[in-house]
Structure formats: C-alpha cells, structure tokens
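Topology and contacts: notes
Residue strings, one per chain:
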Amino acid sequence: MKIATFNINGVKARISTLTDWLAETDADVVVLQEIKSVDEGFPRDHFTDLGWTVETHGQKGFNGVAILSRLPIEDVTRGLPGDDADEQARYIEATVIRDRAVRIAGLYLPNGNPAPGPKYDYKLAWMERLRSRARDLLALEMPVVMLGDYNVIPEPRDAARPEAWLDDALFLPQSRAALRRTIWDGWTDAIRIRDPYGTRGPFTFWDYQGSSWERDNGIRIDHLLLSPQAADLMDDAGVDRDARGREKPSDHVPVWVRLAA
C-alpha cells in the first residue's frame with residue numbers, strides 16, 4: 001500500500017497538475033492539504049471518474065484537507081479533537097483496507113506566523129491537541145500513518161539555509177520541540193529513517209519567490225509519521241521532487257511511503 005501526502009495549494013487552480021501526477025503515481029491513498037474549497041465545491045466527480053473515492057473536510061478560500069483512495073475507505077472523521085470552537089478545516093481521518101486495515105490521519109498544521117502572537121499561540125495549542133490525538137492513535141495498536149504539511153522544519157539539515165528561518169514559526173525552538181515530543185511518544189519519521197545521517201534535505205517545499213526552486217533553497221515541512229505497527233511494514237519512502245519543476249506547480253511536492261499492507 002502506497003500512501004502519499006501532497007499540499008496542492010488550491011485544488012481548482014491546480015487540477016491539471018494534480019490530475020497529471022495522479023495518472024503517473026502508483027499511490028493507493030493520497031492526502032491533500034490546502035484544497036481551498038468547501039466540500040460541495042470540491043471537483044469530486046472529476047476524481048471519482050478517474051477511479052478515486054473522495055472524502056473532504058473543506059473551508060472556503062483557504063485550508064481544507066482531503067483523502068483520495070483507490071482502496072475501500074471507512075470510518076471517516078473530520079476535525080482535530082480537543083477544541084469544539086476551532087472552525088479551521090485542518091484534519092481528517094479514515095481507515096483504508098487492502099490486506100489489512102491502515103488508519104490514515106491527514107493534517108495541515110497551522111503556519112503560526114507572525115511569531116510571537118495569537119497565530120503562533122494557536123499553532124502551539126494545535127500541536128498539543130495533535131499530540132493527544134496521536135497518543136490515542138498509538139493506543140489502537142494498528143498501522144497508522146499520520147501525514148501532511150506539518151509546517152515545522154525539524155532540524156537545521158531540513159533547510160538549505162537554516163539561518164534564514166531562525167525567527168520563523170516553522171523553525172522556532174518551541175515548534176521543533178513540540179513536534180519532537182510527539183515523535184518521541186513512539187512515531188517514526190518515514191523520510192528521515194531512510195537516511196538518518198544525511199546532512200542536507202531532502203526538501204519538500206520551495207517558495208515561489210526568490211528563485212527558490214532554481215537555487216534549491218528548500219525546506220522539509222511535509223512529513224509522514226508511522227506508528228510502530230506501520231513502521232514494521234515500511235518498504236520504502238520518498239519525495240517526488242520533480243513535481244516542483246513542472247508547469248503551474250504547487251510550492252510543495254508529494255511525499256510518500258510504501259507499506260507491505
């Protein structure tokens with residue numbers, strides 16, 4: 001079972017980009033972020049006609065997450081528990097089934113800038129709620145993949161120019177520590193575990209400004225965290241870096257893991 005995450009940065013604006021990539025990938029499940037569409041406005045029929053089951057948790061103009069699956073999908077839930085007043089569409093869960101069931105938790109973690117400030121306070125509070133939910137998922141003792149745009153640069157090697165991010169919410173010590181605490185509860189970073197001693201990258205995001213793609217001035221903020229049961233099934237993981245160099249690309253690229261499931 002191949003599971004991918006892709007911050008598409010507007011599903012309607014990049015429907016051709018996404019469609020072309022879906023035609024090439026052998027992913028069974030794709031989690032999208034920043035669909036920037038309400039549920040009823042999502043181009044569902046376009047993707048169902050291509051053979052995908054579609055589940056969305058949308059919001060007008062920004063945010064929004066979705067799951068596309070070629071496999072049977074059930075037990076879909078929307079919204080991160082822990083704050084009934086939170087109206088931002090940033091989290092979706094579902095179970096997909098092939099030889100065994102795998103729980104998918106798709107997320108779009110708040111950016112948090114400017115920091116300090118209320119947006120950063122919201123980011124840190126959201127991360128604490130995510131950690132609580134992640135513990136509940138671990139308690140299921142089943143394969144779980146918690147993936148998406150985390151908006152956190154975990155380590156200096158995850159940025160081409162870490163010095164440029166020192167005051168950014170994506171790289172502040174509190175953000176990195178919050179992600180680290182969650183991982184230390186028992187999760188495996190699928191991309192990092194493939195190259196634990198690498199000194200640079202791989203990157204998953206290149207800004208549209210400043211010729212970032214041409215200069216390879218990227219960062220790694222799209223992550224796939226695996227429960228112990230999922231980590232035991234991991235065959236491979238990777239980054240579809242070339243997607244950033246295509247026509248009308250997202251500023252993110254797909255990141256994926258393959259499980260023997």
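Residues numbered from 1 in each chain as written. Predicted model: local features only at pLDDT ≥ 70, side-chain atom pairs only at ≥ 80, totals over all residues. Heavy atoms only, no water.

In this model, helix H3 (residues 118-139) (22 residues) spans 32 Å end to end at C-alpha, consistent with the 32 Å of a helix rising 1.5 Å per residue. All of the buried residues in H3 are Tyr120, Lys123, Trp126, Met127, Arg129, Leu130, Arg131, Ala134, Leu137 and Leu138. Considering only its buried residues, H3 is in contact with strand S6 (91-97), strand S7 (101-108), strand S8 (144-149), helix H4 (173-184) and helix H6 (228-231). Backbone geometry just downstream of H3 places Glu141 in the positive-phi region, at approximately 55 degrees. (Helix = DSSP H or I, 4+ residues; strand = E, 2+ residues; numbered from the N terminus. Expected span 1.5 Å × (residues − 1). Buried < 20%, exposed > 50% of the residue type's maximum accessible area, 1.4 Å probe, protein only. Contact = heavy atoms within 4.5 Å.)

What follows covers the sheet that holds strand S11 (residues 234-239). Across the sheet, which stays open at both edges, the six strands sit in the order S3-S4-S2-S1-S12-S11 with mixed pairing between neighbours. Of all the strands in the sheet, the pair left with one neighbour each is strand S3 (53-57) and S11. Each strand axis lies, on average, 15 degrees off the axis of its neighbour in the sheet, ignoring direction. Looking at chain direction, S3 and strand S4 (residues 65-69) are connected through five bridges and run antiparallel. Directly across from Glu55, in S4, lies its bridge partner Ile67. (Pairing = 2+ DSSP bridges. Axes fitted to C-alpha atoms, helices over the stretch in contact; angles between N-to-C directions.)

Moving on: the packing of aromatic side chains. On inspection of all chains with the given rule, the structure shows three aromatic pairs. Note on Trp206 and Trp213: the rings are 5.0 Å apart at their centroids and 90 degrees apart in plane angle, and the pair reads as edge-to-face. Residue placement shows Lys2 over the ring face of Trp256; its charged tip is 4.2 Å from the ring centre. Taking NZ or CZ as reference, Arg180 lies 5.7 Å from the ring centre of Trp184, over its face. (Phe/Tyr/Trp six-rings, centres within 6.5 Å; stacked < 30°, edge-to-face > 60°. Lys NZ or Arg CZ within 6 Å of the ring centre and 35° of its normal.)

Turning to the packing of H3 against H4, a few remarks are in order. For the pair H3 and H4, interaxial distance at closest approach is 9 Å and the crossing angle is 5 degrees. Relative to H4, the element H3 is oriented roughly parallel. The residues of H4 that touch H3, namely those facing Tyr120, Lys123, Leu124, Met127, Glu128, Arg131 and Ala134, are Gln174, Ser175, Ala178, Leu179, Arg181 and Thr182. Per-class residue counts for the contact of H3 with H4 are six nonpolar, three polar and four charged. (Parallel < 35°, antiparallel > 145°, perpendicular 65-115°, else oblique. Nonpolar A, V, L, I, M, F, W, Y, C, P; charged D, E, K, R; others polar.)

Structurally, Asp83 can be placed in the loop between strand S5 (73-78) and S6. In this structure the side chain of Asp83 is engaged in a polar contact, spanning 3.0 Å, whose partner is the backbone nitrogen of Ala85. (Polar contact = N/O pair within 3.5 Å; in protein donor to acceptor, adjacent residues only side chain to side chain.)

On to the confidence of the model for the protein chain, then. When pLDDT is averaged along the protein chain, the result is 97, and 100% of the positions lie at 70 or above. Of all the helices and strands in the protein chain, helix H5 (residues 190-194) carries the lowest mean pLDDT, 96, while S8 carries the highest, 99. (pLDDT = per-residue confidence, 0-100.)

It is worth spelling out the pairing of strand S2 (residues 29-33) at this point. Consecutive side chains along a regular strand alternate between the two faces of the sheet. Across the five residues of S2, five count as buried, placing the element largely inside the fold. By the bridge criterion, five bridges tie strand S1 (residues 2-7) to S2 in an arrangement that is parallel. Paired with Asn7 across the two strands is Gln33, which belongs to S2. A crossover connection joins S1 to the parallel S2 through helix H1 (residues 15-24); in handedness this β-α-β unit is right-handed. Bridge analysis of S2 against S4 gives five bridges, and the strand direction is antiparallel. Residue pairing for S4: Leu32 is matched across the bridge by Ala66. (Right-handed = clockwise from strand over helix to strand, strands pointing away.)

A few words now on the sheet that holds S7. Pairing in this open sheet of six strands is mixed, and the strands run S5-S6-S7-S8-S10-S9 from one edge to the other. Edge strands, defined here as strands with exactly one partner in the open sheet, are S5 and strand S9 (188-189). The sheet contact formed by S9 and strand S10 (residues 222-226) spans two bridges and is antiparallel. Within S10, the position partnered with Asp189 by the bridge is Leu225. Running at roughly 20 degrees to S6, H3 makes contact with S6, S7 and S8 of the sheet.

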